[in-house]
Amino acid sequence: MRLLVLGGTSFVGRAIVDDALRQGAEVTLFGRGRTGTELFPGLPRLLGDRDTGDYVALQDGSWDAVVDVSGYVPRHVGQAMAALGDRVGRYLFISSHAVYERSGVGPGSDEDTPRRPPVRHTEELDEDTYGPCKVACEDDVTARYGSRATIVRLGKVAGPHDVQDGLTYWVRRAARGGRVALPGRPEQPVQLVDSRDVACFVVRLLQDDRPGAFHAVGPAEPTTMAELIAVCAQAAGTEVEVVPVPADAVPAFFPLTRPEPLWPTQQRSAARARAAGLPATPLAVTVADVLAWDRERGEPPLSYALSPAEEAKLLDRA
């Protein structure tokens, strides 16, 4: 399989390239060449810039499939499709659960859940526009490629090389042991899918030439925040006591926490994806691998974390 990856050097894209190479694919990378330059020596790299609309490097060549990891706004996708035309067999677009309506959705929602109205008038991405821009991207890919279009909607992805701090925060915090402040309620559901499972699934969909939209969510069994923290502590060999503290005592969307009205967004159905080959790495394995990776890289500062002093104040009030 000849595979073109738009992106491919950061977290999910990196995992996809890793798995595709293991499966024997011939991979070509397209990007700005600014990140991950030490990765994948020997792979063909086509230089371009989606922000400026530079797709000159894609004027020649053909591929069995393209994986679009770095398309966030309709212009990105439209220009890529215009450059590639029919020189690709299948167009697989990496999307997000942010495409879905947030109200009126219960646990177990599937890929036919109503999506938010598409947005095309802005490229400023925030809580209000990120999902709707992804909706517009999905629509454009489907309109252009029809049965040759595949959409993979990611839930919360975790694993080594994670560029966000969700699971990493809790792994690192549980490793310290003791009383752990949890903003919100311990029974909050949480869905984490291993980045390597996403990668394996993407490659499987391409090998099977399978169209349609799929959730990429995990783990295999329903998990709560309290259970997640316990798994993190077990991986680190520590003892913890989870102490609920007021959710409003920390910034909104503290790592992995969600207000109760949004709990159903952490209870999506993986049935369609599982039937199509999405694997399920045990949560304990993902956690242990993140712990080892974080320690190996020297545990750099996280973008947001409660300091021991801040946490102690919250625990005292609790």
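Given the structure is predicted, the values throughout are model-derived calculations rather than measurements.

Novice: Just to check I follow, could you spell out the sheet that holds strand β1 (residues 2-6) for this structure?
Specialist: In a beta sheet, neighbouring strands pair by backbone hydrogen bonds and run either parallel or antiparallel. With respect to topology, seven strands assemble into an open sheet ordered β3-β2-β1-β4-β5-β6-β10, the strand pairing being parallel. Each edge of the open sheet is held by one strand with a lone partner, namely β3 (45-47) and β10 (212-216). For this sheet the average axis-to-axis angle between neighbouring strands, irrespective of direction, equals 20 degrees. Across five bridges, the pairing between β1 and strand β2 (residues 26-31) is parallel. If you follow Leu6 over to β2, its bridge partner there is Phe30. Against the sheet, helix α1 (residues 12-22) touches β1, β2, β4 (63-68), β5 (88-96) and β6 (149-154), its axis set at about 160 degrees to β2. Along the sheet, helix α5 (residues 195-207) makes contact with β1, β4, β5, β6 and β10, crossing β5 at roughly 150 degrees.

Novice: Can you walk me through α1 in this structure?
Specialist: Within an α-helix, residues lying three or four positions from one another point in the same direction, as the helix has 3.6 residues per turn. Residues of α1 that are buried include every one of Val12, Gly13, Ala15, Ile16, Val17, Asp19 and Ala20, and no others. Positive phi shows up at Gly24, right after α1, with a value of about 90 degrees.

Novice: What is the right way to look at the packing of helix α2 (residues 74-84) against helix α3 (residues 130-145) in this model?
Specialist: Helix-helix packing: each pair is described by the crossing angle between the helix axes and the interaxial distance. Axis separation between α2 and α3 bottoms out at 8 Å; the angle between their running directions is 20 degrees. In terms of their interaxial angle, α2 and α3 are classed as roughly parallel. Handedness of the α2/α3 crossing: right-handed. The residues of α3 that touch α2, namely those facing Pro74, Val77, Met81 and Leu84, are Cys133, Ala136, Cys137, Asp140, Val141, Arg144 and Tyr145. Across the contact of α2 with α3, the residue classes tally to nine nonpolar, no polar and two charged.

Parameters and conventions
Residues numbered from 1 in each chain as written. Predicted model: local features only at pLDDT ≥ 70, side-chain atom pairs only at ≥ 80, totals over all residues. Heavy atoms only, no water. Pairing = 2+ DSSP bridges. Helix = DSSP H or I, 4+ residues; strand = E, 2+ residues; numbered from the N terminus. Axes fitted to C-alpha atoms, helices over the stretch in contact; angles between N-to-C directions. Contact = heavy atoms within 4.5 Å. Buried < 20%, exposed > 50% of the residue type's maximum accessible area, 1.4 Å probe, protein only. Parallel < 35°, antiparallel > 145°, perpendicular 65-115°, else oblique. Left-handed = near helix turned anticlockwise from the far one by under 90°. Nonpolar A, V, L, I, M, F, W, Y, C, P; charged D, E, K, R; others polar.

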